[in-house]
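Summary of the model geometry
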Number of protein chains: 2
Amino acid sequence: MGRPTAFDRNEKLMLAMKLFWKQGYERTSMQDLIDTLGINRFSLYNTFGDKQTLFHQAAALYQEKVFAELLRPLLDAPPGTTGKDRILNYLDNACQKLCAPSGALGCLMQNMALERGQDDAMLRTLLQQQHATLENALKAALEDAKNEDCLATPPDTGQAACHIMTCVQGLIFFRKAGTAPDKIRAQFEYLKTEIQNG
Amino acid sequence: MGRPTAFDRNEKLMLAMKLFWKQGYERTSMQDLIDTLGINRFSLYNTFGDKQTLFHQAAALYQEKVFAELLRPLLDAPPGTTGKDRILNYLDNACQKLCAPSGALGCLMQNMALERGQDDAMLRTLLQQQHATLENALKAALEDAKNEDCLATPPDTGQAACHIMTCVQGLIFFRKAGTAPDKIRAQFEYLKTEIQNG
DNA sequence: ACAATTCTTGACCGATTGGTTATAAATTCC
DNA sequence: GGAATTTATAACCAATCGGTCAAGAATTGT
């Protein structure tokens, strides 16, 4: 009842998410969002609330679309995929996405953690939630690999999982800092052999 | 000749650097700088130029004071220090600084690379210069270690140097993202054993 | 003492920030 | 068709942004 909304909410939220991804939080003004989303100022506030609330919804969308996609090789692997293969597939997939042109934007959550982490408790919560999810997925795969006897020197799986995450976050940073994709790829390969050789 | 400046320029620049470090670029307004440095608005512009110019000087000071200090275990080691020890000392020193309370601010250059890298060519140049310096220092130490036969399986030193940098950058990120210092320390230990065991 | 030079003060600038409000347009229920 | 409800438009708000300017205060050389 009442006048129907003339735009698709999720489509507009996706545009907002990409704009935050590209420009950061502070550098994205409400006017930028109005122009990019193509909806009126009032409609923007009426639909998504204020800037921070809008960003939280954008971050949730990122988690739902981008982050979940990165986890797929670990969580949605075909039955019978070894733990080792799940990890290698995860790294290959992450490497491919990171080395694509759009990978130069880095990771929205990493960008925002550094820019806004001190001021946004909800962002911190979302971030730690994602880290825990990824850590558990990696640890589970490492445990499987250990039991399958796939890794040369099965290490402390918790430590190894964190180590992989550390490397990936480091590479995301270097990609955004301007390191050439070829060098990024070589580092992924280095990490993969390191995992396999203990 | 003329009226002498009533403040110490380098002291004020240090305050500005720390403020950028703590708050980021966009979130630090000229008014913040005026209040924190304790000098007048006009004096600020007269002494340091506009905001971006001031930041460049702050970044140069960071390189001179903070970054150079991190490099010391690698470049200013006592004669006879093995390559392996130089690297382990570098990591221990970095770990200690990162796990201190002030380490929660992360690394100014990492923060700025993510926030301003796209818009500030001079920052990019400074960043790549620091990366190259660190990479060369690590590579040289790894070469020495290789010749001294200190490392179990001497790897490609260039790749290994980049790998260490990747891990350190990743850990700086996690520290700022709220990971507990104990966990950071454990990761540094993991990296150290990894280096020693090939 | 006086002119020249430099630093300090505080008011001031237009532009932009995030956010709100009255009013008009479109739709649904009755 | 008309009342009720919701969205859209655009003007508007105080506050803050980065940056400048005119005038006064402090120091130098002569």
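Below is a short write-up of the structure. Only a predicted model underlies this, so the values are computations on that prediction, with no experimental measurement involved.

Counting its secondary structure elements, chain A contains nine helices and zero strands. Its C-alpha atoms give chain A principal-axis dimensions of about 65 × 40 × 30 Å. Across the 198 residues that make up chain A, the buried fraction comes to 35%. Counting only contacts in chain A whose residues sit at least 6 apart along the sequence, the fraction spanning at least 24 positions is 67%.

Below, the discussion takes up the relation of the copies chain A and chain B. Mapping chain A onto chain B calls for a screw motion: a turn of 180° about the axis and a shift of 0.0 Å along it, with 0.0 Å RMSD after fitting. Within this description, the copies of the chain are treated as partners about a two-fold rotation axis. Taking C-alpha positions as reference, the residue of chain A nearest the rotation axis is G170(A), located at 2.0 Å. Interface overlap between copies is the fraction of interface residues in one copy that are interface residues in the other; for chain A against chain B it reaches 100%, indicating a shared surface.

Here we come to the protein's contact with DNA strand C. DNA strand C sits among 24 residues. The nearest are S29(A), G2(B), R3(B), A6(B) and F42(B). For the surface near DNA strand C, the secondary structure elements donating two or more residues are α2 (30-37) and α3 (41-48) of chain A together with α3 (41-48) of chain B. The element that contributes the greatest number of residues to the surface near DNA strand C is α3(B), accounting for four residues. For the surface near DNA strand C, a count of residues per class yields ten nonpolar, eight polar and six charged.

Residues and elements named next belong to chain B. Where helix α5 (residues 83-99) contacts helix α9 (residues 181-196), the two axes come as close as 10 Å, and the packing angle between them is 170°. As far as their axial angle goes, α9 and α5 are roughly antiparallel. Between α5, through I87, L88, L91, C95, L98 and C99, and α9, the contact on the second element is made entirely by P181, I184, R185, F188, L191, K192 and I195. The residue inventory of the contact of α5 with α9, partitioned by class, reads eleven nonpolar, no polar and two charged.

Each value, and the rule that gives it
Residues numbered from 1 in each chain as written. Chains lettered and ligands numbered in written order. Predicted model: local features only at pLDDT ≥ 70, side-chain atom pairs only at ≥ 80, totals over all residues. Helix = DSSP H or I, 4+ residues; strand = E, 2+ residues; numbered from the N terminus. Buried ≥ 20, exposed ≤ 12 C-beta atoms within 10 Å, placed from the backbone. Contact = placed C-beta atoms within 7 Å. Least-squares fit on C-alpha atoms with pLDDT ≥ 70 in both. Near = placed C-beta within 6 Å. Nonpolar A, V, L, I, M, F, W, Y, C, P; charged D, E, K, R; others polar. Axes fitted to C-alpha atoms, helices over the stretch in contact; angles between N-to-C directions. Parallel < 35°, antiparallel > 145°, perpendicular 65-115°, else oblique.

Don't take any of this as a statement about function, it's just geometry.
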